[in-house]
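An overview of the molecular structure
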Amino acid sequence: MSYTILEKKQIAPQVHLMKVLAPDVARAAKAGQFIILRIDETSERIPLTIADFDADEGYVTIIFQEMGKTTKQLAKMTDRDVLLDFVGPLGKPADVRKLGTVILVGGGVGIAPVYPQVKAYRDAGNKVISVIGARNKDLLILEDEMQAASDELHIATDDGSRGHHGFVTDVAKKILDSGEKIARIVVIGPPILMKVAAGMTAPYGVETIVSLNPIMIDGTGMCGGCRVSVGGETKFACVDGPEFDAHKVDFNLLMSRLGLYRPEEAQCQETHQCTCRSGN
Amino acid sequence: MAARQAMPHQDPKERARNFDEVALGYAEEQAIAEASRCLECRNPKCVQGCPVEVDIPGFIAQMKAGNFDGAIATIKLTNSLPAVCGRVCPQEVQCEELCVLAKKGEPVAIGRLERFCADHERKKGVAAPLRTQSTGKRVAVVGAGPASLTAAADLAKEGHAVTMFEALHDTGGVLTYGIPEFRLPKAIVKDEVEYIKQLGVDVKVDYIIGKIKTLDELRNDFDAVFLGTGAGLPKFMGIEGENLNGVYSANEFLTRVNLMKAYRFPDYNTPIKRGKRVIVVGGGNVAMDAARSALRLGAEEVSIVYRRGEDELPARKEEVENAKEEGIVFRLLTNPVRILQGDNMTVKGVECIRMELGEPDESGRRSPVPKAGSEHVIDADIVIIAIGTSPNPMILSGSDGLKVSPRGTIVVDESAKTSIENVCAGGDAVTGAATVISAMGAGKLAAQTISEYLRNN
Ligand SMILES: Cc1cc2nc3c(=O)[nH]c(=O)nc-3n(C[C@H](O)[C@H](O)[C@H](O)COP(=O)(O)OP(=O)(O)OC[C@H]3O[C@@H](n4cnc5c(N)ncnc54)[C@H](O)[C@@H]3O)c2cc1C
Ligand SMILES: Cc1cc2nc3c(=O)[nH]c(=O)nc-3n(C[C@H](O)[C@H](O)[C@H](O)COP(=O)(O)OP(=O)(O)OC[C@H]3O[C@@H](n4cnc5c(N)ncnc54)[C@H](O)[C@@H]3O)c2cc1C
Ligand code: SF4
Ligand code: SF4
Ligand code: FES
């Protein structure tokens, strides 16, 4: 199969947005789900969250950060280029219901997957307080979109270049301390952020949901590579998740499994760069 | 009686380090010599052992006369994937087990002859099939494994417009992602898929039923549906340490190697851990394939850990022999108790316990019982779990009324009909993990049932 890139733009340093023509996926997509793409015959299959979708126009938006070989190669692609594979929507949709007031926290590129959920929670009749953050103001993505979609938007940066000087979890904690009744917190971002957030909210007894990003291959429940431990039970994140109860997740296991192929990833990028430098 | 012709093989030392096909196939003289051993029994027992009833004496008689074109035509009357079956059928418990010559220990090498005929045809180039006149009926086939490939081919030959939906980016099911290149070259699977495309089948990959469309929607869009969704959900043992880095399900290990071509990393970008000491838990074809793949990836020692004895190994005899020749260590009557943790949540070894065979259980097999005090540790950096799989569950979301058993298998009647009117199913999705040829047999039966249903509706 092949899937055309309708639009591609850089939205922050090393962060890119892409609209991909995939009418079947766009028609079935729901907030919280993801896709798996393969650029060409020799590429890895990589999972990316559905950041937005338009069933009428038939496209799906993805937002990704340059991490290694595949995401760097993806970043070099432009309008009208084609991807070999783009399969989805995978995973269970986010369990969006009318609950009252919810806090949605997005860290770094984690803001991208939070965005469709903000809209979905809003549409379901909730009051949505969004908290987004990044290392510095240049890395902050989707600020205007989040502003428009949320009832309240809070911003934090690690270096204080925009909004609160500190972490998104500090801001979320302040909201919890303010006494406003919060029905649920959804946190998406780097595993360490989700781990810290889980620890922070536990004493408040607020339901906390995270979206896990273990290494995946098929995304159909067939390999078990994406297994995570939740409440002492092994789950396959691609079919049982990707969303889980943060208070039950074994984040240390998740983080260690994410580092599994670090030596190979370095080797893969090196070989890639060597061939580039040799001038062909 | 002349002795059974030996299969020429790649040298064990060499092949243990490459992914090229192990069995090289008979030369023409060998094929004719082997064919000549067949007695052309008037009441051929061998045929009863074949799930798709290949006319074995019929095709062998044509081979004896050097008529290989005729022979392959005869085989293809009932078996649409002979190049595959000739390589992977467990012949020793099917056609060859019942061959009259088996009593003397040397049955006719039916599988190898079948493979020879199929390869002969492939070398010449398979003629494009003629398309049948359209019936105007539309059938959806879910999955692209052997059950679905067979059903799609038969339905297309009947003149139905067939669309095949496959979740992965490539077709073939287990033939592509599970069985390694050294046992079943992927070019053969590709050719088979090309053939069904030439029959007019529209193949859609990256298309998950239950996600993009539900079964209920599919039933409305098409006149009938066949489900050949397989049994790919890996089982784990539930022992300590199973989520450590370096523990794989056989499916993940083999998918990385076969579907993603990790053995050609970094030219292909998907990585795989290349262990020094690898333990594979299980004794079936899947375990053999994982062990032999690990060896080819450069492991120093690969062991099979299996809780029963040699006679109980469910893998094909030929593959057990091949594995032994290549240097795979068999630790039989041994069972893992827990996986030991090294630095950074990696695997350091496996604690195992020895087993004894007790009384026969319901399946008639003697069940293994642990021997107290026999715990011992085997060093390992990679552990591959190959203890079985259950049916792929994704098809079940949005399939109101599809009856499944407590084991998750789709329930069908003797004509492959499910509990939903215009939906048939077959293959591993119905039986649980079984064989290529039984999946094909089920696909064939379902195609007949569907054609009959479409004639009447
Ligand atoms: C459900 C899910 C949703 C995701 N959504 C997004 C998103 O919206 N935007 C975004 O930027 N990133 C997202 N990710 C992470 C993204 O998939 C990885 O960054 C990407 O695979 C890295 O590939 P690479 O070849 O560029 O880097 P590599 O050099 O291969 O790896 C860099 C790091 O990425 C992780 N990784 C590598 N391969 C995979 C894989 N096959 N599956 C998952 N993680 C992997 C590992 O932690 C690795 O150390 C998501 C991951 C999951 C599982
Ligand atoms: C490693 C290994 C070695 C084996 N060796 C042998 C051997 O030597 N001899 C032998 O006879 N048998 C062997 N087998 C068993 C044999 O391969 C299977 O019995 C056979 O492939 C089953 O065929 P199938 O068509 O039912 O399913 P599969 O081959 O499993 O194909 C099912 C397909 O359906 C797709 N699918 C699932 N759900 C969906 C969905 N919702 N939407 C779209 N697509 C979907 C899957 O991705 C898959 O491609 C082996 C199996 C394995 C794993
Ligand atoms: S299809 Fe399999 S069982 Fe049937 S004759 Fe051929 S090798 Fe034997
Ligand atoms: S039983 Fe053996 S000898 Fe008899 S027809 Fe079959 S293959 Fe030939
Ligand atoms: S990615 Fe293979 S089971 Fe989840």
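Quick caveat: nothing in here was measured; it's all calculated off a predicted structure.

Attention now goes to the overall build of chain B. Across its full length, chain B carries 17 helices and 16 strands. Taken over the C-alpha trace, chain B has a radius of gyration of 23 Å; the compact-globule value for 457 residues is 23 Å, and the two agree within 12%. Expressed as a percentage of its 457 residues, the buried residues of chain B come to 60%. Taking the intrachain contacts of chain B between residues at least 6 apart in sequence as the baseline, contacts between residues at least 24 apart amount to 69%. Of the roughly 18,400 Å² that chain B leaves accessible, carbon and sulfur atoms contribute 49%. Here chain B carries 56 positive and 62 negative side-chain charges, and the mean point of each set is 1 Å from the other.

A few words on the site of ligand 4. C38(B), L39(B), C41(B), C46(B), P57(B), C99(B), V100(B), V108(B) and I110(B) make up every residue found near ligand 4. Broken down by class, the residue content of the shell around ligand 4 amounts to nine nonpolar, no polar and no charged.

As a matter of local geometry, ligand 3 sits amid C50(B), P51(B), I56(B), N79(B), C85(B), C89(B), Q91(B), Q94(B), C95(B), I110(B), E114(B) and I437(B). For the shell around ligand 3, a count of residues per class yields eight nonpolar, three polar and one charged.

With that out of the way, let us pick up the packing of aromatic side chains. All names here are of chain B. For the structure shown, the criterion picks out eight aromatic pairs over all chains. Between F19 and Y263 the ring centres are 4.2 Å apart and the planes differ by 20°, which places this aromatic pair in the stacked class. On the criterion of sequence distance, the pair formed by F19 in the loop between α1 (12–15) and α2 (28–35) and Y263 in the loop between α13 (250–259) and β7 (277–281) is long-range, its members being 244 residues apart. In this structure, F19 and Y263 share a single accessibility class: buried. Judged by centre distance (6.0 Å) and plane angle (85°), the ring pair of F165 and F222 falls under edge-to-face. Here F165 is found in strand β2 (residues 161–165), whereas its partner F222 is found in the loop between α12 (215–221) and β4 (224–227), with 57 residues between them in sequence.

Turning next to the pattern of salt bridges. One pass over the structure, following the stated rule, counts 47 salt bridges over all chains. Linking D52(A) and K119(A) is a salt bridge whose minimum nitrogen-to-oxygen distance equals 3.2 Å. Taken as a pair, D52(A) in strand β5 (residues 52–54) and K119(A) in helix α3 (residues 111–123) lie far apart in primary sequence, 67 residues in all. The class of D52(A) is partly exposed, set by a relative accessible area of 23%. With a relative accessible area of 27%, K119(A) lands in the partly exposed category. When the shortest N-O distance is used, the salt bridge between D221(B) and K213(B) registers 3.1 Å.

For an interface, size is often stated in terms of accessible area lost upon the parts coming together. Counting from both sides, the interface comprises 48 residues of chain A and, opposite them, 41 residues of chain B. Summing the contributions of chain A and of chain B, the shared interface buries around 3,900 Å²; its carbon and sulfur component is 58%. It is M222(A), R227(A) and Y261(A) that lose the most area in chain A upon contact with chain B, and together they represent 17% of the buried surface on that side. Applying the counting rule to chain A against chain B returns two salt bridges. Put simply, E217(B) and R27(A) hold a salt bridge, and the shortest N to O gap is 4.0 Å. At the boundary of chain A with chain B, the tally comes to 19 residue pairs in polar contact (both at pLDDT 80 or more).

On to the side chain of R37(B). Residues and elements named next belong to chain B. The residue R37 is located in the loop between α2 and α3 (45–48) in this model. Judged by its relative accessible area of 2%, R37 is buried. At 2.8 Å, the side chain of R37 forms a polar contact with the side chain of E34. If near-sequence neighbours (up to four positions away) are discounted, R37 is found in contact with M1, A2, A3, R4, L101, E106, P107 and V108.

This paragraph deals with α3(A). Residue and element names in this part refer to chain A. Across its 13 residues, α3 extends 18 Å between first and last C-alpha, which sits within 8% of the 18 Å expected from 1.5 Å per residue. Along α3, the positions that sit buried rather than exposed are I111, A112, P113, V114, Y115, P116, Q117, V118 and Y121. Just downstream of α3, G125 is the residue with a positive phi angle, here 95°.

What follows concerns the confidence of the model for chain A. Residue and element names in this part refer to chain A. The predicted model of chain A averages 91 in pLDDT, with 96% of residues at 70 or higher. Highest mean pLDDT in chain A belongs to strand β3 (residues 34–38) (97); lowest belongs to helix α9 (residues 262–277) (65). Of the regions scoring below 50 in pLDDT, residues 274–280 engages in one contact with residues more than four places distant in sequence or in other chains.

Residues and elements named next belong to chain B. Strand order across the open sheet formed by five strands is β6-β14-β7-β8-β9, with parallel pairing between neighbours. The strands lining the two open edges of the sheet, one partner per strand, are β6 (247–249) and β9 (329–331). This sheet shows a mean twist of 20° between the axes of neighbouring strands, independent of strand direction. Of the strand pairs in this sheet, β7 and strand β14 (residues 382–385) are connected by four bridges, and their pairing is parallel. Bridge pairing in β14 places V281 opposite I385.

This part covers unusual backbone geometry. In the segment running from G88(A) into P89(A), the intervening peptide bond is cis, with an omega of -5°. Structurally, P89(A) is set in strand β8 (residues 85–90). Cis rather than trans, the peptide bond between G241(A) and P242(A) has omega equal to 10°. Its location among the elements puts P242(A) in the loop between α7 (237–240) and β17 (243–245). Backbone geometry places N344(B), a non-glycine residue, at a positive phi of 50°.

Cut-offs applied
- Residues numbered from 1 in each chain as written.
- Chains lettered and ligands numbered in written order.
- Predicted model: local features only at pLDDT ≥ 70, side-chain atom pairs only at ≥ 80, totals over all residues.
- Heavy atoms only, no water.
- Helix = DSSP H or I, 4+ residues; strand = E, 2+ residues; numbered from the N terminus.
- Rg over C-alpha atoms; globule rule 2.2 N^0.38 Å.
- Buried < 20%, exposed > 50% of the residue type's maximum accessible area, 1.4 Å probe, protein only.
- Contact = heavy atoms within 4.5 Å.
- Areas by Shrake-Rupley, 256 points an atom, 1.4 Å probe, with all protein chains shown as cover.
- Lys, Arg positive; Asp, Glu negative; His and termini not counted.
- Charge placed at Lys NZ, Arg CZ, Asp CG, Glu CD.
- Near = heavy atom within 4 Å.
- Nonpolar A, V, L, I, M, F, W, Y, C, P; charged D, E, K, R; others polar.
- Phe/Tyr/Trp six-rings, centres within 6.5 Å; stacked < 30°, edge-to-face > 60°.
- Salt bridge = Lys/Arg side-chain N within 4 Å of Asp/Glu carboxyl O.
- Buried area = accessible area lost by both parts, 1.4 Å probe.
- Polar contact = N/O pair within 3.5 Å; in protein donor to acceptor, adjacent residues only side chain to side chain.
- Expected span 1.5 Å × (residues − 1).
- pLDDT = per-residue confidence, 0-100.
- Pairing = 2+ DSSP bridges.
- Axes fitted to C-alpha atoms, helices over the stretch in contact; angles between N-to-C directions.

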